[in-house]
Protein chains: 2
Amino acid sequence: MATRGQDALFLTSPQDIFYVTGFLTRFWESPARPWFLVLPKSGEPLAIIPEIGVELMSHCAVGEIRAWPAPVPGDDGVSLLTECLTSLVPEGGRLGVPMGAETNLRMPLADWQSVRQSLGQRHVVDATETLHRVREIKSEPEIEAIRATCGIADAAFDRMPELVAGAATLETLFRRFQIALLEEGADWVSYVAGGAGPEGYGTVIAPASGQPLRRGDIVMLDTGAVRNGYFCDFDRNFAIGRPSDAMKRAYAVLDAATEAALGQLRPGMTAKDAHRVLSEAMTDAGGVPAGGRLGHGLGVALTEWPSFTPRDETELRAGMVLAIEPGVEVGDGTILVQEENVVLRDDGPELLSTRAARELPVIAP
Amino acid sequence: MATRGQDALFLTSPQDIFYVTGFLTRFWESPARPWFLVLPKSGEPLAIIPEIGVELMSHCAVGEIRAWPAPVPGDDGVSLLTECLTSLVPEGGRLGVPMGAETNLRMPLADWQSVRQSLGQRHVVDATETLHRVREIKSEPEIEAIRATCGIADAAFDRMPELVAGAATLETLFRRFQIALLEEGADWVSYVAGGAGPEGYGTVIAPASGQPLRRGDIVMLDTGAVRNGYFCDFDRNFAIGRPSDAMKRAYAVLDAATEAALGQLRPGMTAKDAHRVLSEAMTDAGGVPAGGRLGHGLGVALTEWPSFTPRDETELRAGMVLAIEPGVEVGDGTILVQEENVVLRDDGPELLSTRAARELPVIAP
């Protein structure tokens, strides 16, 4: 903030507010109320929040809490927020607001416009960089928190033969997998997706359907479980019964790409370089890389920046926690995707997930 | 839209996009990419979305899909969106954007500002009313979907004695409760909160903690489980061992308030009237109503408008699905809260949740 001349930062997202204060609740699921956190350039953060959250926020790292009985039609925290911002940011000063990639302002747009107008000649500047360059480097306790969540998913994936046994549909499998994640210690399961088919799957973001699970299918489950506010985000593939040679080859392509990334990623490279490493490894192994990004950050959200795409020039730095996520085309619009979670160290990636089986694991049908 | 002279509506939230198109995914958990839906005043909705979602969206109720390989630094769907909006909304025309209570624009603010600038002399008007007056009235299939989700939570709450048995901490109980919801048929569990204490609880939005469960505690669990994209949102209270007379009285106050609301709410009243009915019933029964709202809508989100507060003048209409949620003060900063889900019919509320026990249920410790 100091470097960028920001007099205060204004935050509204669950992730930013948790990151700064430790305020953890699933109540973000309710879109009814906005929550505001203001970080002055010196001194403690100031929370301007609905009264319903005061008790919980009082145990968090904030210097002061101002509250209103939200929802209040006509003035839902707007005057409290305006008063705070105009007192902390001098006329002609700068208020930082995250307004770039992977951000959004979690408050009604009309309310923001009203606040913005009251700020008059103060400058509202993009604080995305300020946030991202700090949040993307995980502390050792954060890394341990993510490692613990990854361990929970590892343990659930280890139970796949038991989970698949007798599961007639993807829907049943998804439900059992979520139960397994909770049994293994997840506080909650914010994300499960997956797919199945004899030649992989057409989408990696679908919820469960009544699609039958059949001998010969490759089934993939992907999870963002949460423990103490920290996510994992990785998937695993399994063959139900003997897989085809084509599927084994596709899996080998993913394995080669993961190995290449584990061996070659270093601080100082860019996200774009990581994409190149993964793509080239897949091509060298005889595969066609799937479109879309091949990796990303994670931590207090299921996915964080940077993105392993041909366009993202974000520098990879020691302490980043990353999902390495090669995808390969296998059939007519179908793909296989493999994912590992790592922390980038000075000498390369350190696995937080347990490395996927090096050959496509087979579950007896 | 026609009444309000809107040439197109611009939607970005998971709930609005699901409501219009049926696009259901847990991938909203990833903040990385914005998703856009544009409804022209006539014709089919147009989806402008990241390529990763094209396959899933192709099964949804949209007329056309335009996609980009998000995330793309520098132009993350902005030029596609601008082109679409400028072609659908004539110069001097009106674009509706939800910007009022309970909305937020789920895209980077800087990108919206850039789109807004390209819209030139077109008017950007608040479409909150357009959305709310439609979404708040549930169709019979929607009501049945919510009833089904309520049934899942009912079944899980029925298992409370089994879930509490041997659960040393709230954390264990929360985990078991989520497992029970999944076992009873939830697709996923988007919300669980709760609390416990000899005189109720200080907050209703806290996640689980290692707090021990003790004989004499009143324990409350509240859930927003999801089935086919539709939420329930209700809680239940239980006494572990024999409750005090004060707790029995407080519970009776909640029961009286719920009965009053079930008996008296009618279309044509306002949300403010509902607050009054609940408050007066609690006062009449010798209780002190807790601050905050005493009910709200629900459906494709955990909570929807209106809010039963002294300030919300939204008209209650037949077809609204509502949470009736009286709260009563019981101790030094602690409360008890009871919640039921109903659909408002011409002749009053019809329960979607199974009416809570009329006396505080006791679980053997």
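Starting from 1, residues in each chain are numbered consecutively following that chain's sequence as written. Going through the entries in the order they are written, you letter the chains from A and number the ligands from 1. Restriction of local features to residues with pLDDT of at least 70 applies here, the model being predicted, together with a cutoff of 80 or more for giving and counting side-chain atom pairs; totals for whole chains, interfaces and linings are based on all residues. Just so you know, side-chain values use all the structure's heavy atoms and leave hydrogens and water out.

This part is about the sheet that holds strand 4 (residues 64–68) of chain A. Residues and elements named next belong to chain A. Being paired, for any two strands, means DSSP has found at least two bridges between them. By definition, any uninterrupted DSSP run of H or I lasting at least four residues is a helix, any uninterrupted run of E lasting at least two residues is a strand, and each is numbered from the N terminus. In spatial order, the strands read 4-3-2-1-5-6; together these 6 strands make up an open sheet with mixed pairing. Both outer strands of the open sheet, strand 4 and strand 6 (123–126), are each paired with one neighbouring strand and no more. Across the sheet, the mean angle separating the axes of adjacent strands is 25° when strand polarity is ignored. Taken together, the 2 bridges between strand 1 (residues 8–11) and strand 5 (residues 94–97) define a ladder with parallel strand orientation. Considered in strand 5, the bridge of Ala 8 is made with Leu 95. Contacts are assigned to residue pairs with any non-hydrogen atoms lying within 4.5 Å of each other. In this description, a line fitted to the C-alpha atoms serves as the axis of each element, helices being fitted only across the stretch in contact, and the angle between N-to-C directions of two axes falls anywhere from 0 to 180 degrees. Contacting strand 1, strand 2 (36–40), strand 3 (46–50), strand 4 and strand 5, helix 3 (residues 78–88) crosses the sheet at an angle of about 10° to strand 2.

On to the UniProt feature "domain: Peptidase M24" (unreviewed entry) in chain A. Taken from the UniProt record, the annotation "domain: Peptidase M24" (unreviewed entry) applies to residues 144–344 of chain A. End-to-end, the C-alpha atoms of residues 144–344 of chain A are 13 Å apart, and along that stretch the chain is 34% helix and 25% strand. UniProt positions are given in the numbering used here, feature names are shortened, and annotations may be inferred rather than shown by experiment.

Size of an interface, as often reported, equals the accessible area lost when the parts are brought together. Residue and element names in this part refer to chain A. These domain boundaries are the output of an automatic or database domain assignment. Domain annotation of chain A identifies domain 1 (8–135) and domain 2 (140–363). Put simply, the middle of domain 1 and the middle of domain 2, counted by C-alpha atoms, are 34 Å apart. Domain 1 puts 9 residues into the contact, and the matching count from domain 2 is 14 residues. A simple way to read buried area is as the amount of 1.4 Å-probe accessible surface that goes missing from two parts once joined, with both sides added. Buried area between domain 1 and domain 2, both sides added, is near 1100 Å², and the carbon and sulfur share of it is 59%.

This part takes up the interface of chain A and chain B. Contacts between the two partners involve 65 residues from chain A, matched on the other side by 65 residues from chain B. Buried area between chain A and chain B, both sides added, is near 5300 Å², and the carbon and sulfur share of it is 60%. Sorting the residues of chain A by area buried against chain B places Arg 26, Leu 109 and Ile 205 of chain A first, and these three jointly supply 13% of that buried surface. We define a salt bridge as a contact between a side-chain nitrogen of Lys or Arg and a carboxyl oxygen of Asp or Glu at a distance within 4 Å. Across the contact surface, chain A and chain B share 2 salt bridges. Taking the shortest distance from any N to any O, the salt bridge between Arg 175 of chain A and Asp 187 of chain B comes out at 3.0 Å. For the side of chain A that touches chain B, the secondary structure elements donating two or more residues are helix 2 (54–57), helix 4 (109–118), helix 8 (170–183) and strand 7 (188–197) of chain A. The greatest single-element share of the side of chain A that touches chain B, amounting to 6 residues, is contributed by helix 8 of chain A. Considering only residue class, the side of chain A that touches chain B consists of 34 nonpolar, 16 polar and 15 charged. Under this grouping Gly is polar, as are all residues other than the nonpolar Ala, Val, Leu, Ile, Met, Phe, Trp, Tyr, Cys and Pro and the charged Asp, Glu, Lys and Arg.

Here we take up the pattern of salt bridges. Pairing between side chains becomes possible if they bear opposite charge and their charged atoms approach one another. All names here are of chain B. Applying the stated criterion to the full structure yields 54 salt bridges over all chains. Arg 345 is the salt-bridge partner of Glu 140, the closest N and O atoms lying 2.7 Å from each other. Here the residue Glu 140 occupies a position in helix 6 (residues 140–158), and Arg 345 occupies one in strand 16 (residues 340–345), the gap between them amounting to 205 residues. Judged by relative accessible area, Glu 140 falls into the partly exposed class, the value being 41%. Exposure is judged per residue with a 1.4 Å probe applied to protein chains only, and the accessible area is read against the type maximum: over 50% gives exposed, under 20% gives buried, and values in between give partly exposed.

Residue and element names in this part refer to chain B. Burial analysis of strand 7 (residues 188–197) places 10 of its 10 residues in the buried class, the great majority of the element. Note that strand 7 and strand 8 (residues 218–227) share 9 bridges and pair antiparallel. When the bridges of strand 8 are listed, Val 192 appears paired with Thr 223.

Turning our eyes to something else, we now look at the packing of helix 1 (residues 14–21) of chain A against helix 5 (residues 128–135) of chain A. Packed helix pairs are characterised by how far apart their axes lie and by the angle those axes make with each other. Residue and element names in this part refer to chain A. One way to put it is that helix 1 packs onto helix 5 with a least axis distance of 12 Å and a crossing angle of 55°. Comparing their axes, helix 5 and helix 1 come out oblique. Classified by chirality, the crossing of helix 5 by helix 1 is left-handed. On helix 5, the residues that touch Gln 15, Asp 16 and Tyr 19 of helix 1 are Leu 131, Val 134 and Arg 135. For classification purposes, angles smaller than 35 degrees are called roughly parallel, those larger than 145 roughly antiparallel, those between 65 and 115 roughly perpendicular, and all remaining angles oblique. Here a crossing is taken to be left-handed if its near helix is turned anticlockwise relative to the far helix by less than a right angle, and right-handed if that turn runs clockwise.

This part is about the relation of the copies chain A and chain B. Superposition of the copies used a least-squares fit over C-alpha atoms from residues whose pLDDT is at least 70 in both. Note on the identical chains: chain A maps onto chain B by a rotation of 180° and an axial translation of 0.0 Å, with an RMSD of 0.0 Å. Expressed as a symmetry operation, the mapping of one chain copy onto the other fits a two-fold axis. Residue Ile 179 of chain A, judged by its C-alpha, is the member of chain A lying nearest the rotation axis, at 2.7 Å. Same-surface contact between copies: 100% of interface residues of chain A are shared with the interface of chain B.

All names here are of chain A. Within the secondary structure, Thr 309 is located in the loop between strand 12 (304–307) and strand 13 (321–324). According to the relative accessible area criterion, Thr 309 is buried, its value standing at 3%. In this structure the side chain of Thr 309 is engaged in a polar contact, spanning 3.3 Å, whose partner is the backbone nitrogen of Asp 312. Pairs of N or O atoms are called polar contacts if they sit within 3.5 Å, as long as, within protein, a hydrogen donor faces a hydrogen acceptor (for residues adjacent in sequence, only side-chain-to-side-chain pairs).

A word on the packing of aromatic side chains. Pairing of aromatic rings covers Phe, Tyr and Trp, the last counted by its six-membered ring, and requires centre-to-centre distances within 6.5 Å; plane angles under 30 degrees mean stacked, over 60 mean edge-to-face, and any other angle means tilted. If you walk through the whole model with that rule in mind, you get 22 aromatic pairs over all chains. On the basis of an interplanar angle of 85° and a centroid distance of 6.5 Å, the ring pair of Phe 27 of chain A and Trp 35 of chain A is categorised as edge-to-face. With respect to burial, Phe 27 of chain A and Trp 35 of chain A carry one shared label: buried. Ring plane angle 50° and centroid distance 5.8 Å describe the contact between Trp 28 of chain A and Trp 35 of chain A, whose orientation is recorded as tilted. A single burial state applies to Trp 28 of chain A and to Trp 35 of chain A, both of which are buried. Each member of the aromatic cluster is reached from another via a ring pair, and the members are Phe 23, Phe 27, Trp 28 and Trp 35 of chain A together with Tyr 191 of chain B.

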